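# Survey of secondary and tertiary structure
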Amino acid sequence: MKISILTFSFAVNRGAHMQCYALQTVLLNAGHNVEIIHIELPSGRLSWKGKLDQYILNSKNERFRKKHYSKITLTYHSAEELRQNPPIADVYIVGSDQVWNPALTQAFGSEAFFLDFVPKGCKKIAYAASFGASVWISLGADKDAQIRKLVSLFDAISVRETDGVKICNQVFGRNDAVSVIDPVFLLDDYSQIVGECNKVQKQVICYPLFMNDATREVFSEVSCDLKLTPISYTPSLCGGEIKVRMFSSIPVWLKAIKQSEIVVTNSFHCMAFCILFHKRFIVTPPVPGRESRILSMLSQLGIEDRYVKSTSDYQMRKTILYKDIDYTTVDERLRLLRQESTDFLLRSL
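Keep in mind that what you see is a predicted model, and the values were worked out from it rather than measured.

This paragraph deals with the pairing of strand E9 (residues 229-232). Across four bridges, the pairing between strand E8 (residues 203-207) and E9 is parallel. The partner of Ile205 across the bridge, within E9, is Ile231. Handedness of the E8-helix H8 (residues 213-225)-E9 crossover: right-handed. Judged from the two bridges that link them, E9 and strand E10 (residues 243-244) form a sheet pairing that is parallel. Pairing of Ile231 across the sheet is with Lys243, part of E10.

A few words on the sheet that holds strand E4 (residues 91-94). On the basis of which strands lie adjacent, the open sheet formed by seven strands has the order E3-E2-E1-E4-E5-E6-E7 and parallel pairing. Looking at the sheet topology across the chains shown, the edges are occupied by strand E3 (72-76) and strand E7 (178-179). In the packing of helix H1 (residues 14-29) onto the sheet, contacts are made with strand E1 (2-6), strand E2 (33-39), E4 and strand E5 (123-129), and the angle to E2 comes to roughly 155°.

Attention now goes to the pattern of salt bridges. Throughout the structure, instances matching the rule amount to 14 salt bridges. The salt bridge partner of Arg65 is Glu62, with a shortest N-O separation of 2.7 Å. Note that Arg65 and Glu62 are positioned in helix H2 (residues 48-68) at a spacing of three residues, about one turn of the helix. Glu261 serves as the salt-bridge partner of Arg280, at 3.2 Å between the closest nitrogen and oxygen. Taken as a pair, Arg280 in strand E12 (residues 280-283) and Glu261 in the loop between helix H9 (250-259) and strand E11 (262-265) lie far apart in primary sequence, 19 residues in all. A residue is classified by how much of its surface remains accessible, and Arg280, at 15% relative accessible area, is buried. Here Glu261 falls in the partly exposed class, since its relative accessible area comes to 23%. Salt bridges here are not isolated pairs; linked through shared partners, they connect Glu80, Arg83 and Asp116.

What counts and what doesn't
- Once a new chain begins, its residue numbering starts again from 1 and follows that chain's sequence as written.
- Reporting of local features is limited, given that this is a predicted model, to residues whose pLDDT is at least 70; pairs of side-chain atoms are given and counted only at 80 or more, and all residues count toward the totals for whole chains, interfaces and linings.
- Side-chain measures here rest on the full set of heavy atoms in the structure, leaving out hydrogens and waters.
- Pairing between strands is defined by DSSP: at least two bridges between the two strands are required.
- Here a helix means four or more residues in a row that DSSP labels H or I, a strand means two or more in a row labelled E, and each is numbered from the N terminus.
- Handedness rule for crossovers: strands pointing away from the viewer, path from the first strand over the helix to the second running clockwise, crossover right-handed.
- Contacts: residue pairs with any heavy atoms within 4.5 Å of one another.
- To get an axis, fit a line to the C-alpha atoms, keeping to the stretch in contact for a helix; angles then go from 0 to 180 degrees between the N-to-C directions.
- What counts as a salt bridge is simple: a side-chain nitrogen of Lys or Arg found within 4 Å of a carboxyl oxygen of Asp or Glu.
- Between buried and exposed lies partly exposed: a residue is buried under 20% and exposed over 50% of the maximum accessible area for its type, with that area taken using a 1.4 Å probe on protein chains only.

Remember that the coordinates give geometry; whether it matters functionally is a separate question.
Pasting the structure below:
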């Protein structure tokens, strides 16, 4: 069966690449012919330094895509291009990541991420699609009505957060939507990408997608309290003994997570790999309004205490946050979630 995947497969973000790789790999392992739909989201306004940083990161990511993506379509720059010349497949899957977050997709054309370009008679599936928020970000009455109609045409819908299930039901009238885990959790072995790295280094990583006081202070205190080398993945967190590694490739980034003593992050996918690699970690507040996906996953695994709401929350609980995590219980919960999510995906094809 030929399957086309629409997601943020070419974003600069490392986690976006990994969720695309994981979903593709699960489908390839099931014996299907899989291709990635290559879209280019408008980058918005960037300074010359921002453009340079993005160019360097994307060159590293391109090596990953060439090595680990199976097949890639021609490049689409807008929803209109997709409608005029859609890739041919038996099944179209949208997801995972925040593909149903209009704040991220509107410039390209939000309708495309509700598969408005798919020819009639072809199967449409949403796997772990995320709205990126606990409520629907309205595009106006007319556009919302159009998307509601597109949602009604899906053969199967799954979302990444429990809040997403409510949105599908209350906003779009789909009471059959289910919550599944992000694709990166569907795989339990990333040695093909990471390689062997059993030796833990005396280091703490900070991988923030959003910088705030809580993230800065937690990172600083963890490195001081545990006497660890601080490694930052953002130039906004530098100085002193901090080593900045913002241009690390995806495999090097994953290896750094696996080799660290503890990780401080507000990235969903960095958190996910901490869990998969059995690391100690602390999650700090992400972009306001986008904590739903993090809290939902932590809740399902019974480790909500890894999330700190504020600097004061961290100060009250930091001794507990430094302790090891009971991954025996976490792994059993994850095993059940992985089985349920994989069953949904393969049954929906």
